[in-house]
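# A structural walkthrough
Residue strings, one per chain:
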Amino acid sequence: MMNQIELSVPYDNGYEPDEYMMQEDEWDRDLLLDPAWEKQQRKTFTAWCNSHLRKAGTQIENIEEDFRNGLKLMLLLEVISGERLPKPDRGKMRFHKIANVNKALDFITSKGVKLVSIGAEEIVDGNVKMTLGMIWTIILRFAIQDISVEETSAKEGLLLWCQRKTAPYRNVNVQNFHVSWKDGLAFCALIHRHRPELIDFQNLKDDPLGNLNLAFDIAEKHLDIPKMLDAEDILSTPKPDERAIMTYVSCFYHAFAGAEQAETAANRICKVLGVNQENEKLMEDYERLASELLEWIRRTIPWLENRVAEKTMVEMQRKLEDFRDYRRMHKPPKVQEKCQLEISFNTLQTKLRISNRPAFMPSEGKMVSDIASAWQGLEQAEKGYEEWLLTEIRRLERLDHLAEKFRQKATNHETWATGKEEMLSRKDYESASLMEVRALLRKHEAFESDLSAHQDRVEQIAAIAQELNELDYHDVASVNQRCQSICDLWDQLGTLTQKRREALERTEKLLETVEQLFLEYAKRSAPFNNWMEGAMEDLQDMFIVHTIEEVQTLIAAHEQFKATLPEADAERQAILGIQQEVLKISQNYGIRGDLTNPYSTITTEEIAIKWDKVKRLVPQRDSALQEELARQHANERLRRQFAAQANLIGPWIQTRMEEIGRCSMEMGGTLEDQMTQLKQYEHVIVSYKPNIDRLEGDHQLIQESLIFDNKHTNYTMEHIRVGWELLLTTIARTINEIETQILTRDAKGISQEQMHEFRSSFNHFDRRLHKARVEERGKLRPDEFKACLISLGHLGNDKQGEVEFARIMMLVDPSASGVVSFQSFIDFMTRETADTDTAEQVIASFRILAADKPYILADELRRELPPDQAEYCISRMPPYSGPGALPGALDYTAFSTALYGESDL
């Protein structure tokens, strides 16, 4: 309702409006004391009235005379109000004049002004005091009353406006509407503040008369404000008339009101554009980071999916080291980038939502879900890659062992077979005596025994070669070639052996002498020699074990072998005894000639050398097995050391996850308190990282030692890595959720009590709060969300409530995921009461800058807005195609609706 102005005495000497209830005799006494005020008001009020009457093509000369018939008074009221008054009486009689003045006074009263002691008769009679009081009432109602600055009005509002505008000028101090204006600087400051090109304020001199006349002349010439005051009158009076000064200053206020309105409109537009530019930068940053992360994933997945094994152990170990580098150095930063990308996306959407902008839709293939899907593909490719590498290394290790074993056995066999083909091809029996033939036959029998003993070795060589073929050994071609050569020679030796036996047997019938002792020596020395060679092979055989139990089994087998040495030594002594018996018989019976054993190539010296070698190899084998046992004990210590740390770290991570979940869902304290606690948790988690690094170091030692199992713990390094990455992601996301709630609370004006009430209601209906995993909490199903809204009194439990609930679900769950997050709940509870700028407000601001035109020009934008924001608008505004458009006209309406997602621009 419009404020009423109650005026008992229509003319005063500068008192506040509340002081207008003075008695008429008191006013008369003040007026007589200072008649200069009447002179100032006559001139000021006359000029003010003429500034409006000239719009109707007339003016007044004498204020108390020209308003006596009421005609120009009614015309003045019609001009300043824009309304039609009743038709005036045209008669010249006194009652016609009184009727017209009463029509004017009735109109003033209808505008909320309570007139006391002012009658039409006084105006018709030319009462100066009453006439000036009436004009001041009109000025106060139509020129000053509606001025408002920070909830003040009328005189206080006008004074505050003057103080604000002159505040930057150190030599201007406006405290009232009389003596503060006497030096003229306040008038000059008002003009300079709004139109600095009209006055050189810095060079004004201490000349009150000159300053006043300068301000009055400029106002009349350039601002269309008539000269209502006289500089000499102001300076000649100790206290200039307050009403005259207020009337004149109000003209400055109304002259500059349009500029103030344009400034306000420009500020609003700058704010809106600034928000839009900031959001566009955040969108560009998201697009760039998403592209880089997706490109890294695209490059990495083929590398992880490449399961083509290398040929050698060294190359496969290099692959394993590359994978370790990837897990330790390359992937962790990308985990942080992925988490930060999700946080940036959520923060951007919150800012857009708070500023009433449309939601951000990334480019195709760069949604958060697309990144999550690509990341899942990366982890799927990564899964099993390390296990495959270790399996291939074990396979290559076995291959190398088998290949070395093949080479040793092949070398021993080839050494044995050297010369055998030539020996079997000789025909020495043709010129031999009977005894020599028999000796050759026995020798051949010994060779066949030796040949039979080597049959198992050849089969072992062939079996190893077959296994190397099945395991795809990289140098299998040379293995096959060597194995084939051994087999071919073996077949040839078999054929030659058969042929020689047949020849000797044919000759045996002609020969009868035999050397039994030599034959016995040959028969016993050959197996013993073969046993020694086998023992040397076994004692030098490579072994590969992975547990203490396996090496202990080898030690037990070696102890059993050492237990057979006394029996073997007895056999050796017996064989040497045969040779000694030959020498004894030779000496006893005086045998002459060559005493070389014709049946065997194995000499006693050779047996002695091999026996000595066996005895040397036994302690060497002992030492090798003990070293291996020590290595397996060291591996066991590594297992226990890893298990001890893993069994602490695993539960620690789970405990921190539960603490974060409780902190984010419970309601102890303010959001800032929750943020402080989460920051403390984050500090604890970051400080715990050296424990993870130490565990990684122990795990690397375990892998380098080729340890493939650990019975002391159920935690693998992969479990710890996944848990640690989930913990880092969870704390970062939880902090971001609280930051988003704080941002929403501050932007929407939500009190801490309201936020507490929202969280309490939400948690009450979250049935999975204490059962589900941390990442599944904080989401309501539709029935739970509906019950929550009903409990808050925001939804009725009737048919109309069902319709309203369906509308609400479309707002809070547009993707139809079936759950409502706490952030969506908060957004909904605050959205409809939020005080945000709208497209309509921005359009109205542009209309002010465009002087009410439906379009705006580039020059107008550059004049009213900062350069960067002006060019931002010019580059994005579409051309205006409406009627009466000038060349280069821009459509600010389409641009404004596009800012809020209400058009397709």
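This one's a predicted model, so the numbers in the text were calculated from it and none came from an experiment. (Residues numbered from 1 in each chain as written. Predicted model: local features only at pLDDT ≥ 70, side-chain atom pairs only at ≥ 80, totals over all residues. Heavy atoms only, no water.)

### Brief notes about the overall build of the protein chain
Of regular secondary structure, the protein chain possesses 33 helices and six strands. Classification of the 905 residues of the protein chain by burial places 47% in the buried group. For the protein chain, the share of sequence-separated contacts (at least 6 apart) that also reach a separation of at least 24 residues comes to 74%. About 46,100 Å² of surface is accessible on the protein chain, with carbon and sulfur atoms providing 51% of the total. (Helix = DSSP H or I, 4+ residues; strand = E, 2+ residues; numbered from the N terminus. Buried < 20%, exposed > 50% of the residue type's maximum accessible area, 1.4 Å probe, protein only. Contact = heavy atoms within 4.5 Å. Areas by Shrake-Rupley, 256 points an atom, 1.4 Å probe, with all protein chains shown as cover.)

### Focus on the packing of aromatic side chains
If you walk through the whole model with that rule in mind, you get 27 aromatic pairs. Ring geometry for tryptophan 416 and phenylalanine 447: centres 6.1 Å apart, planes at 5°, overall stacked. Note that tryptophan 416 is positioned in helix H15 (residues 385–417) and phenylalanine 447 in helix H17 (residues 434–470), a separation of 31 residues in sequence. Note on phenylalanine 447: relative accessible area 7%, which makes it buried. Arginine 141 extends its terminal NZ or CZ atom over the ring of phenylalanine 142, reaching a point 5.0 Å from the ring centre. Here lysine 420 stacks its cationic end above the ring of tryptophan 416, 5.0 Å away from the centre of that ring. (Phe/Tyr/Trp six-rings, centres within 6.5 Å; stacked < 30°, edge-to-face > 60°. Lys NZ or Arg CZ within 6 Å of the ring centre and 35° of its normal.)

### Concerning the nonpolar core
The biggest cluster of nonpolar side chains holds 77 residues, and the ones touching the most others in it are Trp48, Trp181, Phe187 and Phe252. Aside from chain neighbours lying at most four places away, what touches phenylalanine 252 is Trp161, Phe187, Leu190, Ile191, Ala219, Leu223 and Ile225. By size, the runner-up hydrophobic cluster in this structure holds 47 residues, among which are Tyr681, Tyr688, Met755 and Leu789. (Core = buried A, V, L, I, M, F, W, Y, C linked by side-chain atoms within 4.5 Å.)

### Things to note about the environment of glycine 210
Turning to its location among the elements, glycine 210 is positioned in helix H10 (residues 208–222). Distance from glycine 210 to aspartate 183, taken between C-alpha atoms, is 9.1 Å for residues 27 residues apart in sequence.

### Examining the side chain of glutamate 287
Residue position: glutamate 287 is located in helix H12 (residues 242–305). Aside from chain neighbours lying at most four places away, what touches glutamate 287 is Phe360, Pro362, Ser363 and Lys366.

### As for helix H7 (residues 128–144)
Here H7 spans 22 Å end to end across 17 residues, near enough to the 24 Å set by a 1.5 Å rise per residue. Among the 17 residues of H7, 16 are classified as buried, and the element is accordingly described as predominantly covered. The backbone nitrogen of lysine 129 has a side-chain oxygen 3.0 Å away, supplied by the residue at the start of H7, namely asparagine 127. (Expected span 1.5 Å × (residues − 1). Polar contact = N/O pair within 3.5 Å; in protein donor to acceptor, adjacent residues only side chain to side chain.)

### Examining the side chain of histidine 192
Positionally, histidine 192 belongs in helix H9 (residues 185–194). For histidine 192, the residues in contact, after removing those within four places along its chain, are Tyr169, Ile199 and Phe201.

### Looking at the pattern of salt bridges
Considering all chains together, one arrives at 60 salt bridges under this definition. Several salt bridges share partner residues, and in doing so they unite Lys409, Arg457, Glu533, Glu537, Glu606 and Lys610 into one network. (Salt bridge = Lys/Arg side-chain N within 4 Å of Asp/Glu carboxyl O.)

### Quick notes on helix H24 (residues 689–704)
Over its 16 residues, H24 extends 23 Å from the first C-alpha to the last, a length consistent with the 22 Å expected when each residue adds 1.5 Å. Those residues of H24 that sit buried are Asn691, Ile692, Leu695, Glu696, Asp698, His699, Ile702 and Gln703. Each buried residue of H24 sits inside an arc of 165° when the element is viewed along its axis, so together they form one side. Where H24 ends, the next residue or the one after it, leucine 706, has phi of about 60°, a positive value. (Arc of directions from axis to C-beta.)

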